[in-house]
Amino acid sequence: MATTNGAKKSQSSKMGPKVLFYSLLLTLQYGAQPLISKRCIGKEVIVTSSVLTCEIVKVVCALVLMARDGSLKGLAKEWTLMGSLTASGLPAAIYALQNSLLQISYRSLDSLTFSILNQTKIFFTAFFTFIILRQKQSVQQIGALCLLIMAAVLLSVGEGSNKTSSSGINPEQVLFSGIIPVLVASVLSGLASSLCQWASQVKKHSSYLMTVEMSIVGSLCMLVSTLKSPDGEAIKRHGFFHGWTALTMVPVISNALGGILVGLVTSHAGGVRKGFVIVSALLVTALLQFAFEGKPPSSYCLVALPLVISSISLYQKYPYLDKKKKKV
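Residues numbered from 1 in each chain as written. Predicted model: local features only at pLDDT ≥ 70, side-chain atom pairs only at ≥ 80, totals over all residues. Heavy atoms only, no water.

Draft legend 1. Summary view of empty space enclosed by the protein. All chains considered together, the criterion is met by one cavity of 30 Å³ or more. For the largest cavity, the calculated volume is near 40 Å³. Taken together, Q33, S37, I41, S50, C54, Q103, P251, V252 and N255 form the lining of the largest cavity. Those elements that provide at least two residues to the lining of the largest cavity are α1 (2-40), α2 (47-69) and α11 (249-293). Here the element with the most residues in the lining of the largest cavity is α11; it accounts for three residues. Counted by class, the lining of the largest cavity contains four nonpolar, five polar and no charged residues. (1 Å grid on protein atoms, 1.4 Å probe; cavity = no way out; pocket = protein on both sides within 12 Å on 5 of 7 lines; lining within 4 Å. Points joined across faces, edges and corners; volume = space filled by probe spheres on them. Helix = DSSP H or I, 4+ residues; strand = E, 2+ residues; numbered from the N terminus. Nonpolar A, V, L, I, M, F, W, Y, C, P; charged D, E, K, R; others polar.)

Written as structure tokens, this is what we have:
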């Protein structure tokens, strides 16, 4: 036992710098993504084209990582189409719609407002994991979720009704093209995350394999939707890369790598470290918005930000403990 414990300690100490490096990269990615997307993706860029390209980059990154860890070799023997569709089909379609909504909301919200509202996905993840997996929440976690909802309501009502919105955009556009899409995306993110957790527990799918499957299935769903959607008509009329510049690839690659980093941080350090990453990223977003856009956060953001930081910290610090299992 002593040897085993010593091995575990030495392993965790070796993992320290790697986890710290992944966490630092993810913090910067989370914090900078809204600002990068807003500055590098022009309004004329077709949403479907940027989302599909991001999914392709995700597949390439995941396959490279699978080849590196050796899991790609045994994939041909173990993989089945039915198993893939069962585990990844529905989450993939949901994530594809969620990504499109996020791309729309980027354009109508300032970076900090978007980042704060996007954290409501924690509430919806908790809700759907209880419905699907019967995963309970502690009293402190329920209180934390209430704080999160208070912050979301404050921002939604405040930014949606403010005549001089912090993003400098018409209040109706802020509400219908910014706030509502990001909140619907948070609901979809919570549902998809719960389904992915179910797949990893029941179907024993690796995070890299699920990334590949969901990106492929989601891309196919989006390609089918272009047959009838306005984006499909725009692609036929102007071409797939209409409005693209060399800078457009920056947020696309950053978003794809962020998805890979989430899996690495969660697998190596667990949800607690990821929670601290999210809190740090909100602060990074606030600093970057002030530094690069030259405007301070709105009064609604200044009130909502500490609520969200407190909420995430409480939620990660006080997980639910089953009293029956604890007694045993």
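Draft legend 2. Summary view of the UniProt feature "transmembrane region" (unreviewed entry) in the chain. Following the UniProt record, one finds the feature "transmembrane region" (unreviewed entry) at residues 47-67, 112-133, 142-158, 178-196, 208-227, 239-263, 275-291 and 297-315. The straight-line gap between the two end C-alpha atoms of residues 112-133 is 32 Å; of that span, 91% is helix and 0% is strand. This span, residues 208-227, is 90% helix and 0% strand, and a straight line between its end C-alpha atoms measures 30 Å. (UniProt positions renumbered as here; feature names shortened; annotations may be inferred.)

Draft legend 3. Expanded view of the pattern of salt bridges. Scanning the model with the defined rule gives one salt bridge in all. A salt bridge links K58 to E55; the shortest N-O distance between them is 3.8 Å. Residue K58 and its partner E55 are located together in helix α2, separated by three residues, close to a single helical turn. With respect to class, K58 is no different from E55; both count as buried. (Salt bridge = Lys/Arg side-chain N within 4 Å of Asp/Glu carboxyl O. Buried < 20%, exposed > 50% of the residue type's maximum accessible area, 1.4 Å probe, protein only.)

Draft legend 4. Region of the structure containing the packing of helix α4 (residues 81-106) against helix α9 (residues 207-225). Across the interface, α4 lies against α9 with an axial gap of 7 Å and an inter-helix angle of 60°. Here α4 is positioned oblique relative to α9, judged by the angle of their axes. In terms of crossing hand, the pair formed by α4 and α9 is right-handed. Residue-level contacts link S84, L85, A87, S88, G89, P91, A92, A93, Y95, A96 and S100 of α4 to M210, E213, M214, V217, G218, C221 and M222 of α9. Taken together, the residues of the contact of α4 with α9 sort by class into twelve nonpolar, five polar and one charged. (Axes fitted to C-alpha atoms, helices over the stretch in contact; angles between N-to-C directions. Parallel < 35°, antiparallel > 145°, perpendicular 65-115°, else oblique. Left-handed = near helix turned anticlockwise from the far one by under 90°. Contact = heavy atoms within 4.5 Å.)

Draft legend 5. Just unusual backbone geometry, in detail. Even without being a glycine, R134 presents a positive backbone phi close to 55°. In this structure, R134 sits in the loop between α6 (121-133) and α7 (139-161). Accessibility expressed as a relative area gives 57% for R134, which makes it exposed.

Draft legend 6. Representation of the nonpolar core within the structure. Grouped together as the largest cluster of nonpolar side chains are 34 residues, with contacts concentrated most on L109, I116, L117, L282 and V308. Contributions of two or more residues to this core are made by α4, α5 (111-118), α6, α7, α8 (171-203), α11 and α12 (299-317). For L117, the contacting residues outside a window of four places in its chain are L109, A152, L155, S156, I179, V182, L183 and S186. One finds Y22, L26, V59 and C61 within the second-largest nonpolar core, a separate group that totals 21 residues. (Core = buried A, V, L, I, M, F, W, Y, C linked by side-chain atoms within 4.5 Å.)

Draft legend 7. Inspection of the environment of L288 at higher detail. Within the element layout of this structure, L288 appears in helix α11. Put simply, L288 and S111 are 177 residues apart on the chain and 8.7 Å apart in space, counted from C-alpha to C-alpha. Aside from chain neighbours lying at most four places away, what touches L288 is G31, A32, L35 and E293.

Draft legend 8. Expanded view of the packing of aromatic side chains. The full count for this structure, using the stated rule, is four aromatic pairs. When the centroid spacing of 5.1 Å and the interplanar angle of 80° are considered together, the rings of F123 and F124 count as edge-to-face. For F123, a relative accessible area of 26% translates into the label partly exposed. Between the aromatic rings of F240 and F241, the centroid separation amounts to 4.8 Å while the plane-to-plane angle is 80°, which identifies the pairing as edge-to-face. The exposed category is assigned to F241, whose relative accessible area is 51%. Ring pairs connect the aromatic residues F240, F241 and W244, which therefore count as one cluster. (Phe/Tyr/Trp six-rings, centres within 6.5 Å; stacked < 30°, edge-to-face > 60°.)

Draft legend 9. Inspection of the packing of α5 against α12 at higher detail. Two elements in contact, α5 and α12, have axes whose closest approach is 10 Å; the angle formed by their N-to-C orientations is 35°. For the pair α5 and α12, the crossing hand works out as left-handed. Residues L112, T113 and I116 of α5 pack against C301, A304, L305 and V308 of α12.

Draft legend 10. Molecular detail of the confidence of the model for the chain. On average, residues of the chain score 78 in pLDDT, and 84% of them reach the 70 mark or higher. No element of the chain has a lower mean pLDDT than helix α13 (residues 323-327), at 57, and none a higher one than helix α10 (residues 230-238), at 91. Taken together, the stretch residues 1-15 has pLDDT below 50 and engages in one contact with residues farther than four places along the chain or on a different chain. (pLDDT = per-residue confidence, 0-100.)

Draft legend 11. View of the environment of I104. Following the sequence through the fold, I104 ends up in helix α4. For the pair I104 and S177, spaced 73 residues apart in sequence, the C-alpha to C-alpha distance is 6.6 Å. Those residues in contact with I104 that lie beyond four places of it in its chain are V47, S177 and P181.

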